Amino acid sequence: MKQAIFVTAVGTEVGKTLVAAILCGQLRMRGERVCALKPIASGFSFDDPASDPALLLRALGRAASPEAIASITPWRLAAPLAPDRAAALEGRSIALGEVVGFCHNIMNNNECDYVIIEGAGGVMSPFAAGCTMLDLARMLGCPALLVTGSYLGAISHTLTALRALASESVVLLGVIVSESAASVGLAETAAAIRQYTAVPVLELPRLAPGVEPWRQAPELARPLLESRGTRL
Ligand SMILES: Nc1ncnc2c1ncn2[C@@H]1O[C@H](COP(=O)(O)OP(=O)(O)OP(=O)(O)O)[C@@H](O)[C@H]1O
Ligand SMILES: [Mg+2]
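None of the values given here were measured: they were computed from a predicted structure.

Participant: Give a description of the overall build of the protein chain that names residues and reports values.
Facilitator: Within the protein chain, the regular secondary structure consists of 10 helices and 11 strands. Compactness check: the protein chain gives a C-alpha radius of gyration of 16 Å against a globular reference of 17 Å for 232 residues, within 12% of the reference. The buried share of the protein chain, reckoned over its 232 residues, is 48%.

Participant: I'd like a rundown of the site of ligand 1, residues and numbers included.
Facilitator: The environment of ligand 1 is formed by 15 residues, the closest being Thr 12, Gly 15, Lys 16, Thr 17 and Leu 18. Top contributing element to the shell around ligand 1 by residue count: helix α1 (residues 16–29), with three residues. Its residues assigned to classes, the shell around ligand 1 comprises five nonpolar, five polar and five charged.

Participant: For α1, give the residues involved together with the corresponding values.
Facilitator: With 14 residues, α1 should reach 20 Å at 1.5 Å per residue; the first-to-last C-alpha distance of 20 Å fits that figure. With 12 of 14 residues buried, α1 lies mostly within the body of the structure. The set of residues buried in α1 consists of Lys 16, Thr 17, Leu 18, Val 19, Ala 20, Ala 21, Ile 22, Leu 23, Cys 24, Gly 25, Gln 26 and Leu 27. Directly after α1, the chain includes Gly 31, whose backbone phi takes a positive value near 85 degrees.

Participant: Quick one: what's the story with the nonpolar core, residue by residue and with numbers?
Facilitator: The nonpolar side chains of a soluble globular protein tend to be buried with one another. With 80 residues, the main nonpolar core has Cys 24, Ala 36 and Ile 116 as its most contacted residues. The leading source of residues in this core is α1, at eight residues. Discounting chain neighbours no more than four positions away, the residues touching Ala 36 are Ala 20, Cys 24, Leu 56, Ala 59, Leu 60, Ile 72 and Ile 116.

Participant: How would you sum up the packing of helix α7 (residues 154–167) against helix α8 (residues 186–194)? Please name residues and give values.
Facilitator: Interaxial distance between α7 and α8 falls to 10 Å at its minimum, and their mutual angle equals 35 degrees. The handedness of the crossing between α7 and α8 comes out as right-handed. Here Ala 154, Ile 155 and Thr 158 of α7 lie close against α8, whose contacting residues are Thr 189, Ala 192 and Ile 193. Looking at side-chain class alone, the contact of α7 with α8 contains four nonpolar, two polar and no charged residues.

Conventions adopted
- All residue numbers here refer to positions counted from 1 along the written sequence of the relevant chain.
- In the order they appear in the text, chains get letters beginning with A and ligands get numbers beginning with 1.
- Residues qualify for local features only when their pLDDT is at least 70, as the model is predicted, and side-chain atom pairs are given and counted only at 80 or more; totals for whole chains, interfaces and linings, by contrast, use all residues.
- Helix and strand definitions follow DSSP, with helices as H or I runs of at least four residues and strands as E runs of at least two, each counted in order from the N terminus.
- Our radius of gyration looks at C-alpha atoms and nothing else; its globule reference is 2.2 Å times the residue count to the power 0.38.
- Here exposure depends only on C-beta density: within 10 Å of a residue's C-beta, 20 or more other C-beta atoms make it buried, 12 or fewer make it exposed, and intermediate numbers make it partly exposed, the C-beta atoms being placed from the backbone.
- The rule is simple: place the C-beta atom from the backbone, and if it lies within 6 Å of a molecule or strand, the residue is near it.
- By the convention adopted, Pro, Cys, Tyr, Trp, Phe, Met, Ile, Leu, Val and Ala count as nonpolar, Lys, Arg, Asp and Glu as charged, and the other residues, Gly among them, as polar.
- Take the number of residues in a helix, subtract one, and multiply by 1.5 Å to get its expected span.
- Connectivity within a nonpolar core runs through C-beta atoms within 7 Å, and the core itself is a set of buried Ala, Val, Leu, Ile, Met, Phe, Trp, Tyr and Cys residues.
- For the purpose of contact definition, each residue receives a C-beta atom placed from its backbone, and two residues are in contact when these atoms lie within 7 Å.
- Where helices are involved, their axes are fitted lines through C-alpha atoms of the stretch in contact, as for all axes, and angles between N-to-C directions lie from 0 to 180°.
- Each crossing gets its handedness from the near helix: less than a right angle anticlockwise from the far helix is left-handed, clockwise is right-handed.

Encoded structure:
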């Protein structure tokens, strides 16, 4: 494996799956072998053709069969809640060490050049007793990519998330600003964030439905992989 990337965000529904799918598609177009994982998905249903694992499998050129989904998303929870609460409703709990072990297994199996791992929710979304996605990022030990939006308030959310990642010495490859439906300005938001970080801050404009996102998006994979990552 050349590189694993943990895709996290300032919150839920910001664009992690979209960005992860774009990275998968763009890396595959360069001939790389790519794996994508969404270890924990809440609000999940096998019937949903647009579930996160289904979208990631599509970006990998694979059919979204139940077996394929189960192989990239072992922790599937029905309730559209933070994973710890969704798990509790099913009488289950999620153990940090098991999630880390699952990801490390794929990172070490030599079947992929790149392993793209999508988190759940935001940088500090809880998923196990006393554990947030930040603990997972730290324990995975791979660089992170922070996805944010261009909505009003996104700059503060982004800077707060950057501080949180820095507090655990997580290496950051870059920030992707995915243009929000209610945007106060993509270029302006990205420019403001650039004043506070040395990592690449890339702009992802609103994409149209219908065309595969990795074909219409600007190049994200190359600048991120050229980024050596910064421990802020
Ligand atoms: N730049 C964009 N252009 C078009 N649609 C976008 C863009 N960014 C995000 N979206 C849309 O916003 C919605 C939420 O994005 P996405 O599912 O990628 O978020 P997420 O961070 O993965 O959410 P979750 O926390 O549920 O995993 C999706 O319908 C996605 O297609
Ligand atoms: Mg997602």
